[in-house]
Every structure is written in C-alpha cells, then in structure tokens.
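Structural description and commentary
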Amino acid sequence: MATLKEIKGTTIQFRDEDPAVYAASWSSGGALNTARQGLSGNGIQTAALAVGGAPARAITESYNGTAWTEVNDLNTGRDALASQGTYTAALAFGGNLPTSANSAATETWNGSSWTEVNALNAARRNLMGSGATNTACLAISGYTSDPGGTNTVNVESWDGTNWTEITNINSARRGGAGGGTQTSAIIAGGYVTANSALAEQWNGSAWTEVADLNAAREGLSSGILSKDSGIVFGGYTTTNVASTESWDGTSWTEVNDLAAARQFLGGAGTSTLALAFGGEAPGGVTTGTEEWTATAAVSTVTTS
C-alpha cells in the first residue's frame with residue numbers, strides 16, 4: 001500500500017499552536033467637546049484630528065488616545081470637507097460653507113495652527129481624500145457647484161503648493177469613504193445615482209473598479225492605510241447604520257458593528273487601530289467616539 005508521503009510528495013506538518021485568528025471590536029473612547037456632523041478626520045487612533053463639521057464649522061479638536069482637546073480653528077469654517085495627513089501635518093480642503101455654497105479652500109496644519117494655501121481648482125463638498133502627509137494628497141470626486149449641482153469624477157493631486165487635475169475616477173459620487181496615500185488609495189460607497197456599494201482602487205496612474213461593499217450606503221467614514229488594507233464604517237441607507245466592513249485588497253468582509261449607528265461621521269486610523277467620532281445618530285448630532293482594535297488571539301492545542 002502506498003504511503004501518504006508517496007501520494008502527496010511531502011510529510012505532514014504538526015503544529016503546537018493553532019494559526020492566529022484576528023478578533024476585532026469597537027469600544028468607547030473619549031467624547032468630542034463639540035457635537036457635529038459632516039466633519040472630517042485624519043491621523044491615527046492615538047494621535048488624530050477632528051476637523052470642521054456642522055454646526056460649529058471651524059472647530060478643530062485633537063485626540064491623544066484618551067481625550068479630545070480643542071485646538072486652533074480653521075480659517076474657513078465648513079462642513080462636508082475632507083482632511084488628510086497626520087496629527088502634526090494635515091491638509092483640509094473643500095466643503096460646504098455656512099452660505100450653502102461649495103468651497104475650494106485649502107488649509108495646511110503644522111501641529112498648532114491652520115494656514116490658507118492655494119485653493120482646489122473645483123469647489124466641491126462631500127468629497128473624499130487620501131494622503132499620508134500635508135504635502136502629498138488627493139481630492140476625489142464630490143458634489144460640485146455647477147447649476148443644479150452634480151457629482152463629479154474630478155480628481156486633483158496636491159504637491160505641497162498646487163492642485164493639479166489628474167485621472168478621473170470611473171463613477172462620480174459624493175459622501176463616500178476614501179483613504180490611503182497619494183499613490184495607493186481606495187474609495188468606497190457614496191451616492192452615485194442612489195446609495196452605492198461601488199469601490200475603486202488607485203495605483204498612482206489609474207482607477208480600477210474592485211469588489212463592491214456588502215452594504216450600499218453614503219455618509220460613511222474609514223480607517224484606510226492603503227489600497228490593500230482598511231475598514232469602512234457607519235453611513236446611511238434608508239436609516240443610519242452601524243455596519244463595519246474590512247478590506248484585504250481583494251474583498252470586503254462584514255465585521256463587528258459600531259455601538260452607535262451614525263452617518264456623516266469622522267474617521268481616522270488603520271484597519272487594525274481606527275477611530276470613529278461625531279456624526280448624526282438617531283438621537284441627533286453626537287459627541288460619541290469609538291475605538292476599533294484588532295488583535296491576534298492565539299489558541300493552543302495539546303498534541304501527542
């Protein structure tokens with residue numbers, strides 16, 4: 001009789017431990033000082049910024065992993081804006097002004113104050129962004145100020161001084177989630193002609209449609225490190241949702257929900273350490289903050 005080794009061409013490997021299984025969940029963090037929706041966020045879970053948002057549109061708060069502290073305001077107060085970068089080197093751009101006009105304003109953050117710099121070429125709100133620093137970002141899609149208003153496919157790249165129009169996305173949208181770097185980004189969800197599950201990846205030269213979200217929605221947020229790693233959370237379908245989905249570069253997987261369903265919230269961090277804050281919850285605009293932590297839980301087995 002043939003042995004297993006002869007049939008398979010190798011021996012069986014026995015392990016003293018099971019493979020690592022990643023468990024992740026949301027837990028309560030420190031509350032914002034000012035409740036708002038339509039705000040933007042950037043940074044990591046222990047060093048993040050909450051920028052703008054309605055009704056107190058110029059307010060900026062910083063998070064140290066435990067509590068939020070009010071810091072210097074934006075020069076141009078607005079909601080439905082995008083911000084990218086780090087705790088000490090951020091960029092805020094676009095948005096909705098108190099007059100309901102779309103904004104092209106861009107401001108750079110140096111860790112203590114905001115400075116107005118060159119504006120976007122196309123004023124818009126509910127746009128998405130990606131970028132690891134305030135000198136290299138993308139401004140993606142959004143809702144323009146054309147007569148009657150429309151979603152745009154326009155993408156602009158920031159080099160630290162100027163915005164330059166580059167390759168358009170495939171599906172114009174507003175209120176989606178985005179993140180990553182200037183050369184490795186992903187966008188997902190938003191409102192196209194209805195709430196959408198569409199996702200697209202950016203490789204530095206072209207946008208490619210990839211696997212859809214499991215749940216179509218707008219007004220969601222994200223913690224995204226690159227086009228191959230991230231999570232999205234919250235949003236609106238016909239009601240606020242708490243749904244969280246994880247991206248591995250190929251597909252989206254439904255994981256543990258937020259404790260509080262909300263839309264047009266702020267987000268920061270990565271697929272393993274993220275932050276969700278503010279937004280419009282069923283009881284109204286909220287100060288609530290939740291922290292996402294994914295850890296490897298390893299179980300051992302006894303072998304004989």
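Please read these numbers as outputs of a predicted model, since none were measured by experiment. (Residues numbered from 1 in each chain as written. Predicted model: local features only at pLDDT ≥ 70, side-chain atom pairs only at ≥ 80, totals over all residues. Heavy atoms only, no water.)

**Some remarks on the environment of Ser226**
Our working definition: Numbering of helices and strands starts at the N terminus; helices are DSSP runs of H or I of at least 4 residues and strands are runs of E of at least 2. Accessibility here uses a 1.4 Å probe with only protein chains present; expressed as a share of the type maximum, an area under 20% marks a residue as buried, one over 50% as exposed, and anything in between as partly exposed.
Counting through the fold element by element, Ser226 comes out in strand β20 (residues 221–226). Classification of Ser226 as buried rests on a relative accessible area of 18%. With 46 residues separating them in the primary sequence, Ser226 and Gly180 have C-alpha atoms 3.9 Å apart.

**Looking at the sheet that holds strand β23 (residues 252–255)**
Filter applied, for reference: Strands qualify as paired when DSSP identifies two bridges or more between them. A fitted line through C-alpha atoms serves as each axis, taken over the contacting stretch for helices, and the angle formed by two N-to-C directions is quoted from 0 to 180°.
Ordered in space as β20-β21-β22-β23, the 4 strands form an open sheet in which the pairing is antiparallel. Edge positions in the sheet fall to β20 and β23, since each of these pairs with one other strand and no more. Ignoring strand direction, the axes of neighbouring strands in this sheet form an average angle of 20°. The pairing of strand β22 (residues 244–247) with β23 spans 4 bridges and is classified as antiparallel. Bridging from a neighbouring strand, Trp247 pairs with Trp252 of β23.

**A short note on the confidence of the model for the chain**
Heads up, the rule is: In predicted models, pLDDT denotes the confidence assigned by the predictor to each residue on a 0 to 100 scale. Contacts between residues were defined by any pair of non-hydrogen atoms, one from each residue, lying within 4.5 Å.
Confidence in the prediction for the chain averages 91 pLDDT; 89% of positions are at 70 or higher. Confidence over residues 3–8 falls short of pLDDT 50; this stretch has 6 contacts with residues more than four positions distant or in other chains. Segment residues 298–304 is flagged for pLDDT under 50; beyond a separation of four residues in sequence, or across chains, it makes 12 contacts in the model.

**A word on the environment of Asp228**
Residue position: Asp228 is located in the loop between β20 and β21 (229–233). Between the C-alpha atom of Asp228 and that of Gly180, which follows or precedes it by 48 residues, the distance is 8.8 Å. Beyond its immediate stretch of four places on either side in the chain, Asp228 contacts Gln201, Trp247, Asp248 and Gly249.

**Details of the sheet that holds strand β11 (residues 128–133)**
Taken in spatial order, the 4 strands make up an open sheet running β11-β12-β14-β15, and their pairing is antiparallel. Both edges of this open sheet fall to β11 and β15 (163–166), since each of them pairs with a single strand only. For this sheet, the mean angle separating the axes of adjacent strands, direction not counted, is 20°. As judged from the 5 bridges shared by β11 and strand β12 (residues 136–140), these two strands associate in the antiparallel manner. Each bridged residue has a counterpart across the sheet, and for Gly129 the counterpart in β12 is Ala139.

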